[in-house]
Amino acid sequence: MGLVGPGFIAAHHIDAVRRLGDVEIVAIAGSNMASTQRKAHELKVKVAYDKYEDLIADPRIHVIHNTTPNYMHTPVSMASIHAGKHIISDKPLALTSVEAASLCQAAARQHVANVVTFNYRGNPLVQQMRHMISAGELDTITFLHGQYLQDWMTDPYVYSWRMDAEKGGKSSALADIGSHWCDLVEHVSGLRIEAVLADLSTTVKVRYSSGVSAEAFAREHHEAAQPKAVTGEDLGCVLLRFDNGARGVLKVGQVLPGHKNDLQLEINGLKRSLRWEQERQNQLWIGLHDGTNNVMTKDPSMMNPEARAYAHLPAGHHESWSDAFRNVIADAYTWIRAGGVPAAKPSAVCDFAGGYRVCCVIEAMLHSHEQGGVWTTVGK
């Protein structure tokens, strides 16, 4: 494999691939040779390129990992597809649904595996939750709600390409973390978000930049930092309607002190409720109206057989964010080894069609807000 874009998430892609044990990491590529060579040294990768085209052209590489800033997702992924190489892209798939659709079509024509790393799908209890719902254990689903809250952007001296509309896209918090929740709720429930009503805001309207884009979660104060106007949302609430008639609510924000990586999903049915919290990811809350509520801890011996495959340690041994990420990458390479044939795609893998779907949902939310907070149908 080869990786393009050696930023924050790149190290986790490299780590996950190394844990598979049978994939050679050939090279990484960045936009500056000196910094890319430093990163290659840190990641213990032998070859560094300063042009992604050179990495894609390397005949030793069969799989491209695209961890570039958002505005580079489409050109890098498209070049990989045209080269006939399997592609694993960070989210969001593209800046717009139009770009995402073109990537879907190109990947289908070239018959390559195409994966978007919505990594929370890889958590064992997320898959347990999904299989319980699929088996009808909740009965009719009526309400789906949750949040994805962080605080790393509370400081106005935090500035990265994510806040630059030309590089990060029109959306900020929704595209960055709201996209994870939207993918997760549809993946787990089997339902689709049909319409949305969004109320979004930009809490920190001016940020200060030294001219160098910081990696995610970095906090560095610079005396020479210059003010930058910010327009992307950093806080929002969205009402949801699902295709079975169920209602929902999503809260998203990145300027909320004390919330580090607070992703929560609760799904309520007529028979029972389920809630999973990323910061307590080895627990699944089960609620009943005619019995005692309980918490299911991660225990492979008690889990659905298909969900059990995502748990690698016995009960009492906690598994983590990086383990879930490794599970998603393992599924991606299972598909790659099968030649990217659509029928061979593991069910927990989000392909480019799924990535396109999330782009459509986020665009509907932005449109709803821009129109003054009106119900907006999600595009097909």
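Every value quoted in this text rests on a predicted model; they were computed, and no experiment measured them. Along every chain, residues carry numbers that run from 1 in the direction the sequence is written. Note on the predicted model: pLDDT of at least 70 is required for a residue's local features to be given, and 80 or more for side-chain atom pairs to be given and counted; whole-chain, interface and lining totals, by contrast, use all residues. Side-chain numbers come from the whole structure's heavy atoms, not from hydrogens or water.

Caption draft 1: Spotlight on the nonpolar core. M129, I193, L240, I267, W276, F352 and M365 are the most contacted members of the largest nonpolar core, which has 76 residues in total. Examining the composition of this core, we find that 9 residues originate from one element, helix α11 (residues 352–370), more than from any other. By the convention used here, residues are in contact when the closest approach between their heavy atoms is within 4.5 Å. If sequence neighbours within four positions are ignored, M129 has contacts with V188, L265, I267, L274, R275, W276 and L284. The next biggest cluster of nonpolar side chains, apart from the first, holds 26 residues, and it includes M1, I28, A40 and I336. Side-chain atoms within 4.5 Å link the members of a nonpolar core, which is a set of buried Ala, Val, Leu, Ile, Met, Phe, Trp, Tyr and Cys residues. For each residue, the accessible area found with a 1.4 Å probe, counting protein chains only, is set against the maximum for its type, and the residue is called buried under 20%, exposed over 50%, and partly exposed in between. A run of DSSP states H or I qualifies as a helix once it reaches four residues; a run of E qualifies as a strand once it reaches two. Both are numbered from the N-terminal end.

Caption draft 2: Representation of the packing of aromatic side chains in the model. Pairs were defined over the aromatic rings of Phe, Tyr and Trp, the Trp ring being its six-membered one, requiring ring centres within 6.5 Å. Orientation was assigned from the angle between planes: stacked under 30 degrees, edge-to-face over 60, tilted for the rest. Throughout the structure, instances matching the rule amount to 3 aromatic pairs. Consider the rings of Y120 and Y148, whose centres lie 6.0 Å apart with planes at 75°: the pair is edge-to-face. Within this pair, whereas Y120 is found in the loop between β6 (114–116) and α6 (124–134), its partner Y148 is found in strand β7 (residues 141–149), the two being separated by 28 residues in sequence. The same class applies to Y120 as to Y148, namely buried. On the basis of an interplanar angle of 20° and a centroid distance of 4.9 Å, the ring pair of Y157 and Y208 is categorised as stacked. With Y157 in the loop between β7 and α7 (165–168) and Y208 in strand β9 (residues 206–209), the pair connects residues that are 51 residues apart, well separated along the chain. The ring of W285 has R275 sitting right over it, with the charged end atom 4.3 Å from the ring centre. Here, a charge over a ring is recorded when the distance from Lys NZ or Arg CZ to the ring centre is within 6 Å and its angle to the ring normal is within 35 degrees.

Caption draft 3: Expanded view of the sheet that holds strand β5 (residues 86–89). Whether two strands pair comes down to DSSP finding at least two bridges between them. What the 7 strands build is an open sheet, ordered β3-β2-β1-β4-β5-β6-β17; its pairing is mixed. At either end of the open sheet lies a strand with only one pairing partner, and these are β3 (47–49) and β17 (350–351). Pairing geometry for strand β1 (residues 2–4) and strand β2 (residues 27–29), over 3 bridges, is parallel. Residue pairing across strands places L3 opposite I28, the latter belonging to β2. As a rule, the C-alpha atoms of each element are fitted with a line to give its axis, helices using only the stretch in contact, and angles between N-to-C directions run from 0 to 180 degrees. Seen against the sheet, helix α10 (residues 321–337) touches β4 (63–66), β5, β6 and β17 and runs at an angle of roughly 165° to β5.

Caption draft 4: Representation of the environment of I87 in the model. Summarising the element assignment, I87 is placed in strand β5. Note on I87: relative accessible area 1%, which makes it buried. Spatially, the C-alpha atoms of I87 and D54 are 16 Å apart, while their sequence positions differ by 33 residues.

Caption draft 5: Region of the structure containing the packing of helix α1 (residues 10–20) against α10. Between α1 and α10, the shortest axis-to-axis distance is 9 Å and the interhelical angle comes to 65°. When the interaxial angle is binned, α1 and α10 end up roughly perpendicular. Remark: the crossing between α1 and α10 carries right-handed chirality. Two secondary-structure elements touch here, α1 through H12, H13, A16, V17, R19 and L20 and α10 through W321, S322, D323, F325, R326, I329, A330 and Y333. Here the contact of α1 with α10 is built from residues that sort into 8 nonpolar, 3 polar and 3 charged. Working definition: roughly parallel below 35 degrees, roughly antiparallel above 145 degrees, roughly perpendicular at 65 to 115 degrees, and oblique for all remaining angles. Crossings are assigned a handedness: left-handed for a near helix turned anticlockwise from the far helix by less than a right angle, right-handed for a clockwise turn. Amino acids are sorted into nonpolar (Ala, Val, Leu, Ile, Met, Phe, Trp, Tyr, Cys and Pro), charged (Asp, Glu, Lys and Arg) and polar (every other residue, Gly among them).

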